[in-house]
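# Structure at a glance
Now for the letters of each chain:
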Amino acid sequence: MAPLTVRQATKSFGSVQVLHGVDVDIEDGEFVVLVGPSGCGKSTLLRLIAGLEDITSGDILIDGKVVSRLHPKDRDIAMVFQSYALYPHMTVAENMGFSLRMRDVGKSEQDRKVREAAGILGLTDLLDRYPRQLSGGQRQRVAMGRAIVRDPKVFLFDEPLSNLDAKLRVQMRAEIRELQKALRTTIVYVTHDQIEAMTMADKIVVMRDGRVEQIGSPLELYDRPANMFVGGFIGSPA
Ligand code: ADP
Ligand code: MG
C-alpha cells in the first residue's frame with residue numbers, strides 16, 4: 001500500500017456532491033500534481049487530505065493507518081497556503097514558529113527549527129521583518145517555512161504561486177522542486193496551470209467534475225491521453 005492513499009473519497013456539501021469516489025496512491029518522495037479546471041474539486045480533495053474538511057465517505061490512509069477521522073494536528077501533513085495567508089501582525093520568525101507553539105514545542109526547540117528552516121529557505125536575515133516588508137517571493141518562502149518547521153511526511157500546496165507574477169512563478173517552481181529534493185519529502189500540489197503540472201510533476205492526477213480522469217507521468221499523459229478531455233487539457237493531440 002502506498003504511503004498516502006485516497007480510497008473512494010466522496011465529499012458532499014449539503015445536497016451537492018463535489019467528489020465522486022476519488023482513488024489516488026501517492027508514493028514516498030513523489031511530487032504529485034492535481035490538475036483540472038476551476039471548480040473540479042482539487043482544493044476540496046487537498047483539504048480532505050489535510051483534515052480541513054470531513055470526508056463524506058471513503059478513507060484517507062497514511063502508512064496504512066486511516067487518518068480520515070483524525071484531527072489535522074494529529075496527521076503528519078502540512079499545508080502551504082498562498083502567501084497572503086501569513087499573519088500580518090507576526091514577524092517572519094513568529095509566523096514560522098506558530099504551528100510549533102500550537103503544538104506546545106518548547107521555546108528553544110522552536111527557535112532551532114525556525115532557524116534551520118530559514119537557512120534552507122534563505123530567510124535568515126529576514127526573521128524580524130513583518131510580511132508587509134517582504135517581496136512576494138519572500139512571503140511565499142515564509143509560507144513554505146511554516147510547513148517545513150514541522151518536518152511533515154507530506155506537504156500539500158494549493159495553487160501557491162497564483163498570486164505571483166510570471167517571472168517569479170517560474171523561479172519559484174524551480175525552488176519548490178529543489179526544496180523537495182533537499183528535504184526528500186512527498187508533495188501534493190494543486191494547480192489549474194497545465195505548464196506548471198507538466199514541468200513539476202512526477203505524477204499528474206487530471207480531475208474533472210469531482211472525478212479522476214487519468215493518472216500518469218507527464219510523458220504518459222502527453223503521449224497516451226485517456227480521452228479528449230485529458231488530451232485537450234494537457235495540450236497533446238488526442
Ligand atoms: P477547485 O479547487 O478545483 O477549483 P473546489 O474544490 O474549490 O474546486 O470546489 C469544487 C466544488 O465544490 C465547487 O463547485 C465549489 O463551489 C464547491 N465547494 C467548495 N467548497 C465548498 C463549501 N465549503 N460549501 C459549498 N460548496 C463548496
Ligand atoms: Mg482550488
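All residue numbers here refer to positions counted from 1 along the written sequence of the relevant chain. As they are written, the chains are lettered A onward and the ligands numbered 1 onward, keeping that order. Two thresholds apply to this predicted model, a pLDDT of at least 70 for residue-level local features and 80 or more for giving and counting side-chain atom pairs, whereas whole-chain, interface and lining totals are computed over all residues.

### So, the overall build of the protein chain
Each helix corresponds to a stretch of at least 4 residues labelled H or I by DSSP, and each strand to a stretch of at least 2 residues labelled E; elements are numbered beginning at the N terminus. Assigned secondary structure in the protein chain consists of 8 helices and 10 strands. C-alpha atoms define the radius of gyration in this analysis, and the globule rule sets the expected value at 2.2 Å times the number of residues to the power 0.38. Taken against the 2.2 N^0.38 rule, which gives 18 Å for 238 residues, the C-alpha radius of gyration of the protein chain at 18 Å falls within 12% of a compact globule. With 238 residues in all, the protein chain has 38% of them scored as buried. The contacts of the protein chain with a sequence gap of at least 6 include a subset with a gap of at least 24, amounting to 64%. As a rule, residues whose C-beta atom has 12 or fewer other C-beta atoms within 10 Å are exposed, those with 20 or more are buried, and those in between are partly exposed; C-beta atoms are placed from the backbone. By definition, residues are in contact whenever their C-beta atoms, placed on the basis of the backbone, come within 7 Å of each other.

### Here's the deal with the site of ligand 1
We call a residue near a molecule or strand when the C-beta position, derived from backbone atoms, sits within 6 Å of it. If you check the shell around ligand 1, you find Phe13, Val18, Gly36, Ser38, Gly39, Cys40, Gly41, Lys42, Ser43 and Thr44 and nothing else. Counting residues per element, the shell around ligand 1 draws most heavily on helix α1 (residues 42-50), which supplies 3 residues. Along the lines of polarity and charge, the residues of the shell around ligand 1 split into 3 nonpolar, 6 polar and 1 charged. Charged residues are taken to be Asp, Glu, Lys and Arg, nonpolar residues to be Ala, Val, Leu, Ile, Met, Phe, Trp, Tyr, Cys and Pro, and polar residues to be all remaining types, Gly included.

### Observations regarding the packing of helix α4 (residues 136-148) against helix α5 (residues 166-183)
Packed helix pairs are characterised by how far apart their axes lie and by the angle those axes make with each other. α5 packs onto α4 with a crossing angle of 25 degrees between their chain directions and a minimal axis gap of 11 Å. Relative to α5, α4 is oriented roughly parallel. As α4 runs across α5, the sense of the crossing is right-handed. When α4 is examined against α5, the residues Gly136, Gly137, Gln140 and Met144 are found in contact with a partner set consisting of Leu168, Gln171, Met172 and Leu179. Lines fitted to the C-alpha atoms define the axes, with helices restricted to the stretch that makes contact. Angles between their N-to-C directions range from 0 to 180 degrees. Put simply, angles under 35 degrees are roughly parallel, angles over 145 are roughly antiparallel, angles from 65 to 115 are roughly perpendicular, and the rest are oblique. Handedness of a crossing is defined here by the sense of rotation of the near helix relative to the far one, left-handed for an anticlockwise turn of less than a right angle and right-handed for a clockwise turn.

### Some remarks on the pairing of strand β10 (residues 211-216)
In this sheet, β10 lies alongside strand β9 (residues 203-208) in antiparallel orientation, the contact comprising 5 bridges. Paired with methionine 207 across the two strands is valine 212, which belongs to β10. Strands are labelled as partners when DSSP assigns at least two bridges between them. With antiparallel pairing between neighbouring strands as the criterion, β9 and β10 make up a hairpin whose turn holds 2 residues, including aspartate 209 at a positive phi of roughly 50 degrees.

### With respect to the sheet that holds strand β4 (residues 57-62)
Note on sheets: strands pair through backbone hydrogen bonds, and any given pair is parallel or antiparallel. Strand order in the open sheet formed by 4 strands is β2-β1-β4-β5, with antiparallel pairing between adjacent strands. Of all the strands in the sheet, the pair left with one neighbour each is β2 (16-26) and β5 (65-66). When strand β1 (residues 4-13) meets β4, the two strands line up antiparallel, connected through 5 bridges. Across the sheet, residue leucine 4 finds its bridge partner in β4, namely isoleucine 62. Here α1 sits on the sheet and contacts β1, β2 and β4; the angle it forms with β1, its principal contact strand, is near 115 degrees.

### Description of the packing of helix α2 (residues 92-102) against α4
Between α2 and α4, the least distance of the axes is 7 Å, while the angle of their chain directions is 35 degrees. As α2 packs across α4, the resulting crossing turns out to be right-handed. When α2 is examined against α4, the residues Val92, Asn95, Met96, Phe98 and Ser99 are found in contact with a partner set consisting of Val142, Gly145 and Arg146.

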